[in-house]
Each structure stands twice: as C-alpha cells, then as structure tokens.
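Residues per chain, in single letters:
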There are 2 protein chains.
Amino acid sequence: MKKRITMKEIARLANVSQATVSRVINGNPDVNEELAARVLKVIEEVGYVPNQTAQTLKRNQSKLIGVSVSEMYNPYFVELVDHLEDKARKLGYNIILHNSKHNPILEWENIQNFLTRQIDGCVIVPTGSYNLERLSKLPIPVVSITQTVSSLDSVAIDHMKAGKLAAASFIKAGHTSFAYIGKSDDEKYLGFASVLYEHQLPVSDVRVFELEQTSNDNFLVRQGIERHFRQFETFPFTCVFTENDIVALECIKLIEERGLKVPEDISVIGFDDTYLSKIMGISSIHQPIEDMVSTSLELLINRIEEKLSPDIVSIQLEPTLMTRKSSNHRRI
Amino acid sequence: MKKRITMKEIARLANVSQATVSRVINGNPDVNEELAARVLKVIEEVGYVPNQTAQTLKRNQSKLIGVSVSEMYNPYFVELVDHLEDKARKLGYNIILHNSKHNPILEWENIQNFLTRQIDGCVIVPTGSYNLERLSKLPIPVVSITQTVSSLDSVAIDHMKAGKLAAASFIKAGHTSFAYIGKSDDEKYLGFASVLYEHQLPVSDVRVFELEQTSNDNFLVRQGIERHFRQFETFPFTCVFTENDIVALECIKLIEERGLKVPEDISVIGFDDTYLSKIMGISSIHQPIEDMVSTSLELLINRIEEKLSPDIVSIQLEPTLMTRKSSNHRRI
DNA sequence: CTGTTAGCGCTTTCAC
DNA sequence: GTGAAAGCGCTAACAG
C-alpha cells in the first residue's frame, strides 16, 4: 500500500510544527493567518485527509454508530438503514451496518464487533428479547428502533394504535368477520382485537393465522398463507389485516387466484407502508420512518454526549392508515 | 462514557506484561499454556474486547471496506449491499456504507470520508464517469461492481450478452416488433439490437423509450413510461425489454390498464431478477449477485494484499434469462 | 518464552 | 501564537 500522507509531513512542507497543523485543521481561531493559509495550501496541494483512526484513539470517540437490523428483505428495513446512513452522516457520524438475520447469536457477535470498533453508540432492531439484558449493560448507549422494549431506550410507533386503526377502518366499512395474519401476541393484534371488543363484535371468531416466515422468502410466506387458506371452502372473513406488506401482497395474490376480488370480496390492510404497498395499491399502516430515524439519532447522540438523565426513554410515534385500493370498498 | 477496559488492565489483573496479553490475543503459539489460560480467564471475566482502532493505527490496516452504492430503491442494490456485508464479515472485514444517490459530488465526499476512515479498499457502484479518473488514483484499491469501466478493476455481468438473451428469446417466441425502455447507449440495448440485426429484423423500427427516472420514485417512473405510451393509439410493438425490474413492473401495469394482456398481447422482460420480478411473475435477466460479490471481494482483497500484477482486471460474469409469466407466450 | 521499548498519527497540555 | 512532549491502546522488534 502506498503510504498515506500524515500531519507530520504537512508540517514539514509548511515549515511549521505538527501541533500547528492540528490547530489549523481543527479550526483553532488563534493561529496566525499567514501560517494557517500556508498550511491549508499544502493540505490542498497534496490532498491530505486527516487520519480519523488516530483521532478516535486520542479523543476516545469514533463518530461511528453501529446499526443492526434483523433483516433486509422487507423494504421497510432498507428505508430505515438508508435514512440512518443519510441522517447520521449529516450529523458527523458514519454507520457500520450489520444484518442479524433474526439470529440472536449472530446479533451478539455483531455487537461484539461494534464494541471492537469503538462505536460511540448503537441503533438496533432487536432479533427478539434474547440479547436485551446484555445490551442494556453495554458501556455505550443503545437505542431500539421499531420495537419498544422495557430495558432500552426505544423509538417505535404505537403498534396497539396501529391495530386499532386497521380494525376501526374495517368496521367502518361494514365488515363483521375478520382475519389477522401475524403473531397473536403482537400488540398490533391486541389493538385490533380490542376495537372489535369495544364494538361488541365476536373477537373469538377472528381467524388468526400464524406464519413461521413473514419475509425472507416470498415463496415460504406464500406457502404459509396457503396452508392456512386451504382449510376453507369459502372464507369465513371479509377482511384481512397482515403483519407486513409482503404478507399482504402474497395474501392478495392468493385470494385473487381463488377467483375472488380484492377489495370487493375481501379487503386487505398491510403494515409498514413500503413501496410494495404503494406500487400495488395496498392499504397499509404507515410508519413515519424519517421521524423515527431522526428521533432515534437525536436520542442516541444526546446519550453519547451524556445530556440525559439515566431514566429509560421510550418514545412512541403515531401510525396512520394509508387507504388504497385493497381496502377501499364498503360492504352492503 | 464508561471507560473501556484496556490490555494494560488485563495485563495487570493477570499479572503478566501487556505484550503477553497481546500475544495471547493474537494466538501466538509460543506462550506458556498456564499464562495463556490465566490471561484468557481474565479476558473472559471482565468481558474485554480488543480496541481495533489501536490495532488499525499500529498495523496500518483497518479491515474496513468502503461500499458506495448509487441508490437503495432498486432492491437489486440492497441485495448487493446485504451480500457484501455478509461476505466481508466472513472474511474479517466490516463495511462502511454510503449511498451516493446518483450524485457525483456526494460520491466524492463519501470517498474522502472513506479515506479519512482508513479503509483498506473500496467497492463502488459508480454514479457515472465523473469520478472515475480520481478514483483510479486513490492510494487504495477500488473495484467497480455492476459496471465495467476501463480505468478500474471491475466485476459485472456481460450487459451486451444480457441484451442478446432478451432479444433472442423474443424472436424465438415469434415477435417481430420490439420496444426497449432504457438508455439507448447502454450495452444492453446494443446487444439487443445486434441480435435483431443478425436476424434481419428492422432495428430502426425498435421503439426506444428513454426515461429520466428509472428508480427512486415509482410514480415518476410510471409517469415517464406513460408519457411515451400516450403517443400510441395501438402499440406498434408486441414485446418490451426494460432496463430494470421496477420499470418492467410499471410498464406491465400500464399495459394492463389499457385492457391489454401480458404476455398474450405484449410480452415483457425486465432486468436484475430482483424479488419484485419473482413475486410478480416477471421474466427478467438474472445477475449472479452472490458470485459478483464474492468475486469483487476476492479481487479487492488480493489487491489489498498486493498479490496481483498492476494490470486492470475486468471480470464479466454470465447473465441468464429467467422466463416467467410475463414473456411466457408464443406468437401465432 | 517473556518483558521492555519504540512508535502508529493525532490532540492537548505545558512552556516559552 | 507556536513548539515540544506526553500519551491514546496496541503491535512488534529486540533483549534477555
């Protein structure tokens, strides 16, 4: 490797001390203008860039943020990463990205790697609860994004509220028989069910379909839904709320392959409001990604700079329902 | 910030010298077993992780690879990033990600930032030719991925061949009138046209539709295609080859909104073979992403380790056509 | 086999 | 205002 130019070299060329070069670079105001100009000129000429590694070592801050997401198949997480990168850069930080692939072991390895890299803080989409305990004991701040967890600072939407929005929308459109595809212990579903309950609708009749795969592999998602749907000659529900947009899309395709129409026969509402739902005209619960990212980063950086009381901060943002073709139909 | 534990501290606790701790960590075989065990025990107990920043400074290698992609909307690039991260990690490297958003200025800023971070090498999806010159003069190796460029090492598919595959497939299915949506100076199109020419089909009649946006915003893609399509009462072509899957998808939607059927009336072949085409049953040119990523990384790392002759390496991989519903129809 | 020492590139007192 | 010097955490000769 060609040797990179160092500050020492700049100092030699500009005929000043290394300390002065450092001062110029860091914008120290009380450097003689002429000297500063000379240094800047040399820097420009040789295309010197400071060695941030050395700065990190000396300053004991890397300006690096670890980002761990649980997957990249769902476009929702991609948008998250993209905004995190962009916003972090604007705040003077870089991100170092890891995909934990829903694997807690890999997640923990990644965290260790982050530590090794001297990251200043970490934004994480947790794989589950497996590492939360250790995560909260890390010597650096950690913010959980998209999931509210009790042991960490977190920024997420109000999932309960999201479920309520979907249910309310279905009820308003005249639906009386419901299905939900996703985990039954998810707050989305609790919110969904609670609204039905409030309207004295038979919550116990809601068809809840649990899937092993809800992303990663569309074929498996499809198979999972199909397995559940196969048990019905005719569907005992007129609307479906799904855990994410990928599931919603596969669900709609399966319904249409039966010769039924969406939304006329069955309405569908997805989750995440990714471009998948936008392209395909699928109604979906919108998560304000940019807000979530800005909020997370602000929170994290405040923690890094130790400006906050030690209490855990838990921020919940408002979901909104984007109604599109797939649920734009009134029953009876 | 809580003070992180250092090697010195481990040395003190294990009652050995710092150098010995270093030897143990780096797996130096000739350390007394008993000592090694003692050191390992302390490391385990206090949860010590080495400071890679210091290692970087000392060893003059960061084990960091810069990755710059031109966008994240097209799922193709996401897959690329995901595999790069995964594969790099397995090779002992981490990636630092930047999105240049098709902006050469931002791209160059990102590169400078990479340099600052002491990356060992860089994998880039160039925004265009704007920075290629400077890129080739960097003190670290750079590999262009997905695009073959003359001034840098590169790994890409044979775009010419890809265009040929699409054309050959259309011709075999009996098509005689063609359209292409994408840049006309793209090798894809050159390959496409060359096959028509070989078959004595009227190349000059091929409808070439250039788009300003081919990703980023589906609505704009849609509008772009629509603007071109609007000029026809009936389409003067029976098949369309598109620059990427997003364009293919929007194209199909617009055709179907006209009451035409895909593939019966018009066949469509996309590009990239992303999950979009898989979900939607769109025929597409497959790029062997994993191969491309492995090859790029191998090449890059060989460069980093200076095991290669200085000649520019240009690797072209084979594209394949994945035939799905959107082009699965034989004319007459 | 193990400890001592120099120094990676930078920032930051501390003198002058 | 500027330079000299110490030291961030680690590795790698060099001695012993």
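About the criteria used
- Residues numbered from 1 in each chain as written.
- Chains lettered and ligands numbered in written order.
- Predicted model: local features only at pLDDT ≥ 70, side-chain atom pairs only at ≥ 80, totals over all residues.
- Heavy atoms only, no water.
- Least-squares fit on C-alpha atoms with pLDDT ≥ 70 in both.
- Contact = heavy atoms within 4.5 Å.
- Near = heavy atom within 4 Å.
- Polar contact = N/O pair within 3.5 Å; in protein donor to acceptor, adjacent residues only side chain to side chain.
- Helix = DSSP H or I, 4+ residues; strand = E, 2+ residues; numbered from the N terminus.
- Nonpolar A, V, L, I, M, F, W, Y, C, P; charged D, E, K, R; others polar.
- Buried area = accessible area lost by both parts, 1.4 Å probe.
- Salt bridge = Lys/Arg side-chain N within 4 Å of Asp/Glu carboxyl O.
- Buried < 20%, exposed > 50% of the residue type's maximum accessible area, 1.4 Å probe, protein only.
- UniProt positions renumbered as here; feature names shortened; annotations may be inferred.
- Pairing = 2+ DSSP bridges.
- Axes fitted to C-alpha atoms, helices over the stretch in contact; angles between N-to-C directions.
- 1 Å grid on protein atoms, 1.4 Å probe; cavity = no way out; pocket = protein on both sides within 12 Å on 5 of 7 lines; lining within 4 Å.
- Points joined across faces, edges and corners; volume = space filled by probe spheres on them.
- Parallel < 35°, antiparallel > 145°, perpendicular 65-115°, else oblique.
- Left-handed = near helix turned anticlockwise from the far one by under 90°.

Trainee: I would appreciate a short explanation of the relation of the copies chain A and chain B in the present structure.
Mentor: Once chain A has been moved 0.0 Å along the axis and rotated by 180°, it coincides with chain B to within an RMSD of 0.1 Å. Here the symmetry operator amounts to a two-fold rotation axis. Scanning chain A for the C-alpha nearest the rotation axis identifies isoleucine 96 of chain A, at a separation of 2.6 Å. Taken as a fraction of all interface residues of chain A, those also at the interface in chain B reach 100%, which identifies the copy contact as same-surface.

Trainee: Teacher, can you tell me more about the protein's contact with DNA strand C here?
Mentor: Met7 and Tyr48 of chain A together with Arg23, Asn32 and Lys58 of chain B are the nearest of the 26 residues found near DNA strand C. Here the atoms of DNA strand C within 4 Å of the protein split so that 57% fall in sugar or phosphate, with bases taking the remainder. Measuring from a base oxygen of DNA strand C, one finds a side-chain N or O atom of arginine 23 of chain B at 2.3 Å. The backbone of asparagine 32 of chain B places a nitrogen or oxygen atom 2.6 Å from a phosphate oxygen of DNA strand C. Breaking the surface near DNA strand C down by element, the ones donating at least two residues are α2 (18–25) and α4 (52–59) of chain A together with α2 (18–25) and α4 (52–59) of chain B. Class assignment for the residues of the surface near DNA strand C results in 10 nonpolar, 9 polar and 7 charged.

Trainee: Teacher, can you tell me more about the interface of chain A and chain B here?
Mentor: Interface size, as often reported, equals the accessible area lost upon joining of the parts. At the junction of the two partners, chain A supplies 54 residues and chain B supplies 54 residues. Between chain A and chain B, roughly 5000 Å² of surface is buried when both sides are summed, and carbon and sulfur atoms account for 51% of that area. At the boundary of chain A and chain B, one finds 2 salt bridges. We note a salt bridge from lysine 101 of chain A to aspartate 86 of chain B, for which the minimum N-O separation is 2.9 Å. Counting across the chain A and chain B interface gives 26 residue pairs in polar contact (both at pLDDT 80 or more). Elements that contribute at least two residues to the side of chain A that touches chain B include exactly α4, α5 (75–90), β2 (94–99), α6 (104–116), α11 (245–257) and α12 (275–280) of chain A. Broken down by element, the residue count for the side of chain A that touches chain B peaks at 7 residues, all from α5 of chain A. Across the side of chain A that touches chain B, the residue classes break down as 25 nonpolar, 15 polar and 14 charged.

Trainee: I tried to follow the environment of phenylalanine 114 of chain A on my own but got confused; where do I start?
Mentor: All names here are of chain A. Mapped onto the elements of the fold, phenylalanine 114 is located in helix α6. The class for phenylalanine 114 is buried, based on a relative accessible area of 1%. Taking the C-alpha atoms as reference points, phenylalanine 114 and leucine 64, separated by 50 residues in sequence, lie 9.1 Å from one another. Excluding anything up to four places from it in sequence, phenylalanine 114 contacts Gly66, Val67, Ser68, Ile96, His98, Ile119 and Cys122.

Trainee: Teacher, can you tell me more about unusual backbone geometry here?
Mentor: Working note: non-glycine residues mostly have negative phi, and peptide bonds are mostly trans. Cis geometry is adopted by the peptide bond preceding proline 263 of chain A, which originates at valine 262 of chain A and carries an omega value of 10°. Tracing the backbone through its elements, the reader meets proline 263 of chain A in the loop between α11 and β9 (267–272). The backbone of asparagine 15 of chain B shows a phi angle near 60°, a positive value even though the residue is not glycine. With respect to the element layout, asparagine 15 of chain B can be found in the loop between α1 (7–14) and α2. On the basis of relative accessibility, which here comes to 63%, the residue asparagine 15 of chain B falls in the exposed class. One non-glycine residue with positive phi stands out, namely glutamine 200 of chain B, at about 55°. Examined against the element boundaries, glutamine 200 of chain B turns out to sit in the loop between α9 (187–198) and β7 (207–209).

Trainee: Help me understand the UniProt feature "domain: HTH lacI-type" (unreviewed entry) in chain A, please; the structure alone is not making it clear to me.
Mentor: Cross-referencing UniProt, the feature "domain: HTH lacI-type" (unreviewed entry) maps to residues 5–59 of chain A in the present numbering. As annotated, residues 5–59 of chain A comprises 69% helix and 0% strand, and the C-alpha atoms at either end are separated by 21 Å.

Trainee: For this particular structure, what's the right way to read the sheet that holds strand β8 (residues 239–242) of chain A?
Mentor: Picture the strands of a sheet paired through backbone hydrogen bonds; they go either parallel or antiparallel. All names here are of chain A. If you walk across this open sheet you meet the 6 strands as β7-β6-β8-β9-β10-β12, and the pairing is mixed. Here the strands that pair on one side only, and so sit at the sheet edges, are β7 (207–209) and β12 (320–322). Neighbour to neighbour, the strand axes of the sheet diverge by 20° on average, direction disregarded. Here 4 bridges tie β9 to strand β10 (residues 283–286), and the two strands are oriented parallel to one another. For phenylalanine 271, the partnering residue across the bridge sits in β10 and is isoleucine 285.

Trainee: Is there a simple way to explain the sheet that holds strand β9 (residues 267–272) of chain B in this structure?
Mentor: Residue and element names in this part refer to chain B. In space, the 6 strands of this open sheet follow the order β7-β6-β8-β9-β10-β12, with mixed pairing throughout. Lying at the two open borders of the sheet, with one neighbouring strand each, are β7 and β12 (320–322). Across the sheet, the axes of successive neighbouring strands diverge by a mean angle of 20°, strand direction being ignored. Of the strand pairs in this sheet, strand β8 (residues 239–242) and β9 are connected by 3 bridges, and their pairing is parallel. When the sheet's bridge partners are listed, phenylalanine 241 is paired in β9 with isoleucine 269.

Trainee: What's the story with the pairing of strand β3 (residues 121–124) of chain B in this structure? I'm lost.
Mentor: Look at any regular strand and the pattern is simple: side chains alternate between the two faces of the sheet. All names here are of chain B. Side chains Gly121 and Val123 project from β3 onto one buried face, and the interleaved Cys122 and Ile124 project onto a second face that is buried too. Looking at chain direction, strand β1 (residues 64–69) and β3 are connected through 4 bridges and run parallel. What sits directly across from isoleucine 65, in β3, is glycine 121. Relative to strand β4 (residues 142–145), β3 runs parallel, the two being bridged by 3 bridges. Residue pairing in the sheet places isoleucine 124 in a bridge with serine 144 of β4.

Trainee: Just checking my understanding: could you explain empty space enclosed by the protein for this structure?
Mentor: By rolling a water-sized probe across the atoms, one finds the places where empty space is left. Applying the stated criterion across every chain, the model contains 1 cavity of 30 Å³ or more. Approximately 150 Å³ is the volume attributed to the largest cavity. Around the largest cavity, the lining comprises 14 residues; the ones closest to its centre are Thr53, Leu64 and Arg117 of chain A together with Thr53 and Leu64 of chain B. Secondary-structure elements contributing two or more residues to the lining of the largest cavity are α4 of chain A together with α4 of chain B.

Trainee: Just to check I follow, could you spell out the protein's contact with DNA strand D for this structure?
Mentor: Around DNA strand D sit 26 residues in total, of which Thr20, Arg23 and Asn32 of chain A together with Met7 and Tyr48 of chain B are the nearest. Of everything in DNA strand D that lies within 4 Å of the protein, sugar and phosphate atoms constitute 60%. Between DNA strand D and glutamine 55 of chain B, the relevant distance is 2.7 Å, taken from a phosphate oxygen to a side-chain nitrogen or oxygen of the residue. The side chain of lysine 58 of chain B places a nitrogen or oxygen atom 3.2 Å from a base oxygen of DNA strand D. Listing elements by their share of the surface near DNA strand D, those giving two or more residues are α2 and α4 of chain A together with α2 and α4 of chain B. For the surface near DNA strand D, the residue count by class is 10 nonpolar, 9 polar and 7 charged.

Trainee: Explanation requested: the packing of α5 of chain A against helix α13 (residues 289–304) of chain A in the structure shown.
Mentor: Any two packed helices are characterised by how steeply their axes cross, that is the angle between the axes, and by the distance between the axes. Residues and elements named next belong to chain A. Here α5 crosses α13 at 50°, and the two axes come no closer than 9 Å. Classified by the angle their axes make, α5 and α13 are oblique. Two packed elements cross with a definite hand, and for α5 against α13 that hand is right-handed. Contact with α5, carried on its side by Tyr76, Glu79, Leu80, His83, Leu84, Lys87 and Ala88, involves Ile289, Glu290, Met292, Val293, Ser294 and Leu297 of α13 and no other residues of that element. Classifying every residue of the contact of α5 with α13 by side-chain character gives 8 nonpolar, 2 polar and 3 charged.

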